[in-house]
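Each chain, written out:
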Amino acid sequence: MGFKLYVLTVAVLIIFHDAESESISDDILNHLGSKTPYRFKYLKDYSKIKFPGCESTKMWMIIRHGSRLPSDEEITGMNTTLKEFSQQILSGHKVGRGQLTKEQLSKFANWSSSVDITKEKHLVDEGRDEMTQLAKRMHKRFPSIIKSRYNSDIFEFLATPTERAEESAKSFAIGLFDKNAPKVVIRKTSKGDPVLRFYKHCDNWQKQVKKNPNTYAEQKKLGNSLLMDQTLEKITQKLGLDNTIDLAAADLMYKACAFETAWWKDYVAPWCFAFDKDTIKVLEYYHDLKHYLMDGYGNELTSRTACESVKNMFEHLTSKTGPNASFLFAHSGTLLKLLTHMGLYKPESPLTGDSIPEDSVWRLSEIDCFASNLAFVLFECKDGDHILTLHQERVVKLPACNKELCPLDHLKQVFHDTIHNCDHATICKYNSSNDEL
């Protein structure tokens, strides 16, 4: 495939909206969870980042792949289940059911899906563009680190052995080096690499967290709640369906809304019309809660699994040798666990299935969109070395620091255990006596 863009194999009749067509409100688009397109979130200001008396010299950046196709199970659901629902919606409105407008109904009348299941989770054109433009902006922000000319001694590219990560790395390279991008060496890691995908083959985490039913107890509580029942009934009434849909169907509609919004800049995704400003937040929180419990602060072990990645960051930034810029291409699970290890976006109180908190800082729509990224930049200053942290291109203050540009020595003290006592094999060795009761 190389750098040649392939045609997205989705037979959806795209109707580009104009002044007269029905659009989707921000009340919906701001709540698409981890499938949120990066164009909604990136920092538009890409001027050079500088501090008096300091010079940026090294960078370590980990990047979630760009917008992609769904999983095989989701593709099957879109190609079959949602096709059936779309026909039911149109039939229902002919006999006076439902609350959709004529313009919204026309979107369903022209909607179809035949995503090629053999391309499941592959990067789409929008995902490539997200990577290319991200690289260009980072180049402008840190020109002293990111040189225009490629040199394998200066730049390091690593990617998990997945199509979406490898293609993201290639597109990022295009943004940095244009025609010289094919020269870039992209090293593929192992499936369970302790830096890029440290959780994938971590038996202890897989059994204690991911495959532990207790992990999902709060999400299950929300799924079985009166609030969820009311949400499903409200969606059913809006669409004009005969029978109340179940949570699986509503979730599939939610994902279709998000995926199709991410794939095309000027496309009105019909399934977004299934929701209003209240019901969309329930589906959003349903996923926020799952990943808070599985990839975030729900279990202390989750944070520990990310220690090798954080350790690698410190080693890269403090080494007097090696590349100046290290770009690592990974996945949502990687980024969320790293954010947790760094103490970012921790709610004041644990998230539960009892109610949806107002203004929660743990929202996938804000912190885990497609192409989400986390960068650490070394600044050599007159008063010593400092680290600047950027999440999705925005400068953030780490909870362990008093200011955004944080003294390196202070961070090394805070993360002493991470740097000196991190043993991925030991952390991931499963012992049945550790099972949660």
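All figures in this text were calculated on a predicted structure; none of them were measured in a lab.

Attention now goes to the overall build of the protein. Helix and strand counts for the protein stand at 17 helices and eight strands. The C-alpha radius of gyration computed for the protein amounts to 23 Å, which stays within 12% of the reference 22 Å derived for 437 residues, consistent with globular compactness. Reported as C-alpha extents along the three principal axes, the dimensions of the protein are approximately 75 × 55 × 40 Å. Looking at the protein as a whole, 57% of its 437 residues qualify as buried. Sequence-distant contacts in the protein: of pairs separated by 6 or more residues, those separated by 24 or more amount to 81%. When the accessible area of the protein is evaluated, it comes to approximately 19,300 Å², of which 48% is carbon and sulfur surface.

So, about helix 2 (residues 72–94). If you check helix 2, its first and last C-alpha atoms are 33 Å apart, about what 23 residues at 1.5 Å a residue would give, namely 33 Å. At methionine 78, helix 2 shows its largest bend, some 35°. Along helix 2, the positions that sit buried rather than exposed are Glu74, Ile75, Gly77, Met78, Asn79, Leu82, Phe85, Ser86, Ile89, Leu90, Gly92 and His93. Looking at the packing, one finds that the buried side of helix 2 touches helix 3 (102–109), helix 8 (226–239) and helix 9 (247–263). Looking one or two residues past helix 2, glycine 96 carries a phi angle of roughly 90°, positive in sign.

A full pass over the atoms with the stated rule returns five disulfides. Here cysteine 54 pairs with cysteine 381 through a disulfide, and the sulfurs are 2.1 Å apart. With the S-S dihedral at roughly 110°, the linkage between cysteine 54 and cysteine 381 falls on the right-handed side. Of the two residues, cysteine 54 sits in strand 1 (residues 54–64) while cysteine 381 sits in strand 5 (residues 373–381), which places them 327 residues apart along the sequence. You'll find cysteine 54 and cysteine 381 in the same group, each marked buried. The disulfide that involves cysteine 202 links it to cysteine 428, with 2.1 Å between the sulfurs.

Rules and cut-offs
Residues numbered from 1 in each chain as written. Predicted model: local features only at pLDDT ≥ 70, side-chain atom pairs only at ≥ 80, totals over all residues. Heavy atoms only, no water. Helix = DSSP H or I, 4+ residues; strand = E, 2+ residues; numbered from the N terminus. Rg over C-alpha atoms; globule rule 2.2 N^0.38 Å. Buried < 20%, exposed > 50% of the residue type's maximum accessible area, 1.4 Å probe, protein only. Contact = heavy atoms within 4.5 Å. Areas by Shrake-Rupley, 256 points an atom, 1.4 Å probe, with all protein chains shown as cover. Expected span 1.5 Å × (residues − 1). Bend = angle between axes of the 7 residues up to and from the residue. Disulfide = S-S within 2.5 Å.

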